[in-house]
Amino acid sequence: MAKDPSNHHTQIELVVIEPSPISTQPSHAGVSKSTILPILARFHAGYFRISLSLCSQALLWKTLGEPMPEAHSLRPLLRRLPAKAFVLLWVVALLTLISLSLLYTLKCLLQFNKVKDEFSNRIGVNYLFAPWISWLLLLQSSPFFNPNTALYVVLWWVFIVPILVMDVKIYGQWFTKGKRFLSGVANPTSQLSVIGNLVAALAAARMGWKEAAVGLFALGMAHYLVLFVTLYQRLAGSDCLLPAILRPVLFLFFAAPSVASLAWDSIAGSFDNPSKMLFFLSLFLFLSLVSTKLIQNVYKSLTCLLFFQKKKKRESPKSRNY
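As the structure is a prediction and not an experimental result, all values here were calculated from the model.

**Considering helix 8 (residues 150-176)**
So, point 1. Over its 27 residues, helix 8 runs 39 Å from end to end, which matches the ideal 39 Å to within 8%, given 1.5 Å per residue.
So, point 2. Residues of helix 8 that are buried: Tyr152, Trp156, Phe159, Ile160, Ile163, Met166, Asp167, Ile170, Tyr171, Gln173 and Trp174.

As C-alpha cells, then:
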C-alpha cells in the first residue's frame, strides 16, 4: 500500500540563542573616546590664532576707549560706542580661549606624543607661544580689575613663566644645536616668541614694573633684530620657505615692531621718538607686504589683458575673410 505524501510532515527545530547583555550594551566610554580622539588629532596650537585675533581686538577696543588729552584725536568719537559691546567682545574672546585651552589640555593628556612632535617641528613650536600671548592680551584688556590688583600680578606670573621657559629652550637651541641653528629653522612664525616677550613687557609696564618691562623688552628686541636680519637674507628655494597655506603669517613682520612701539610707549610714559620709529617701521613693512601682493596681481591682470588683445588681433583678419 502506497503512503500518502500529504501525511508526511517535516519537523524543523528552531534554536534561539539569547545574546549576552554585555555585548548588546554600548560602551559610552569607548564611543566618547573614539569621537574625541580624531578631533584632538587634527587640533594643533595653530588654532590659537583665533584667540590671538579676538584678544587683540579686545585690547584695541579698550585702548581706543581710554581718555586722551589731545583735542584732535578721534578717541572721543570712538568712546561714544556702547560699553556693553566691548564687554561682549571680551567675553567672546574669553570663552574662545578657554575652549581652545581645554582642547589642547586634553590633547596633552591623551596624545602627548603628538604634542612632542609639534614641539619638534620648526613651525609648530612657535605656535606654542600663542596661548600665553592670548592670555596676556586678555589680561590687559580686562574690564573687571586693574593692573594694581594682586590677582593681576599673580596671573601675569602664571602666563609669563611658560614664555620664559620656552625662550630659554628655543633661543638656546639657536646657539648650541646644529640642526636647530637659527639659519636653518628661521621662518616668519619665529617672531611669535619675540611678540610674547614684548606683550609681557607691555603688561609689566602697566603694572609699574619698569625694570622687568625693560628687561623683557631688551630680550625681545635683541632676538628680533637677529631674526629680522636672518629672514631678510634667506635665499629663494631654501628650506626656510613656508608652504603656501602658511603664507599669511608673513604679516607677522609688522606685528613685532607694532607691539614694541606700544611696549616702549608704556615704559617711557609717552609716545616719544623710539616709539615713533618702531611705529613707522611697522607701517613700512605693512605697506611693503600689501603693495608687493598688489603689484603681483596687477601684473598678472595686465599680462592676461595683453594676451587676449593680441589673440583678438590675430583672429580678426580671419573673420574678415569670411
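Now that the structure has been shown, we can carry on.
**A short note on the packing of aromatic side chains**
So, point 1. Scanning the entire structure with this criterion turns up 17 aromatic pairs.
So, point 2. Geometrically, the ring pair formed by phenylalanine 217 and tryptophan 264 is tilted, given 5.3 Å between the ring centres and 40° between the ring planes. Pair noted here: phenylalanine 217 is in helix 11 (residues 210-232) and tryptophan 264 is in helix 12 (residues 255-268), with a separation of 47 residues, a long-range link.

**Comments concerning the pattern of salt bridges**
So, point 1. With the rule as written, the count across this model stands at 1 salt bridge.
So, point 2. Between lysine 107 and glutamate 118 there is a salt bridge, and its shortest N-O distance comes to 3.9 Å. Taken together, the positions of lysine 107 in helix 5 (residues 83-110) and glutamate 118 in helix 6 (residues 112-120) put the pair 11 residues apart, joining distant regions of the chain.
So, point 3. Of the residues examined, lysine 107 reaches a relative accessible area of 3% and is grouped as buried.
So, point 4. Glutamate 118 gets classed as buried once you look at its relative accessible area, which sits at 11%.

**Remarks on the confidence of the model for the protein chain**
Low-pLDDT stretches of the model should not have their predicted coordinates read in fine detail.
So, point 1. Here the protein chain averages 77 in pLDDT, while 70% of its residues score no lower than 70.
So, point 2. Low pLDDT, under 50, characterises residues 19-31; the predicted model gives this stretch 1 contact beyond four residues in sequence or across chains.
So, point 3. The low-confidence segment residues 235-240, where pLDDT is below 50, has 8 contacts with residues more than four positions distant or belonging to other chains.

**Some points on a nonpolar patch on the surface**
So, point 1. A grouping of Phe251, Phe271, Phe279, Phe280, Leu283, Phe286, Leu287 and Val290 is seen on the molecular surface, where their side chains present a nonpolar patch of about 700 Å² in accessible area.
So, point 2. Locating phenylalanine 279 in the fold gives a position in helix 13 (residues 273-321).

**So, the packing of helix 11 against helix 12**
Each pair of packed helices can be summarised by the angle the axes make with each other and by the distance between the axes.
So, point 1. Contact geometry of helix 11 with helix 12 gives a least axis separation of 11 Å together with a crossing angle of 155°. Relative to helix 12, helix 11 is oriented roughly antiparallel. Remark: the crossing between helix 11 and helix 12 carries left-handed chirality. The segment helix 11 lies against helix 12, with Lys210, Ala213, Val214, Phe217, Met221 and Tyr224 engaging Ala256, Pro257, Ala260, Ala263, Trp264, Ser266 and Ile267.
So, point 2. Tallied by class, residues from the contact of helix 11 with helix 12 come to 11 nonpolar, 1 polar and 1 charged.

The rules we used
- Residues numbered from 1 in each chain as written.
- Predicted model: local features only at pLDDT ≥ 70, side-chain atom pairs only at ≥ 80, totals over all residues.
- Heavy atoms only, no water.
- Helix = DSSP H or I, 4+ residues; strand = E, 2+ residues; numbered from the N terminus.
- Expected span 1.5 Å × (residues − 1).
- Buried < 20%, exposed > 50% of the residue type's maximum accessible area, 1.4 Å probe, protein only.
- Phe/Tyr/Trp six-rings, centres within 6.5 Å; stacked < 30°, edge-to-face > 60°.
- Salt bridge = Lys/Arg side-chain N within 4 Å of Asp/Glu carboxyl O.
- pLDDT = per-residue confidence, 0-100.
- Contact = heavy atoms within 4.5 Å.
- Patch = residues over 30% accessible without salt bridge, like charges linked within 9 Å, V, L, I, M, F, W, Y side chains within 5 Å.
- Areas by Shrake-Rupley, 256 points an atom, 1.4 Å probe, with all protein chains shown as cover.
- Axes fitted to C-alpha atoms, helices over the stretch in contact; angles between N-to-C directions.
- Parallel < 35°, antiparallel > 145°, perpendicular 65-115°, else oblique.
- Left-handed = near helix turned anticlockwise from the far one by under 90°.
- Nonpolar A, V, L, I, M, F, W, Y, C, P; charged D, E, K, R; others polar.

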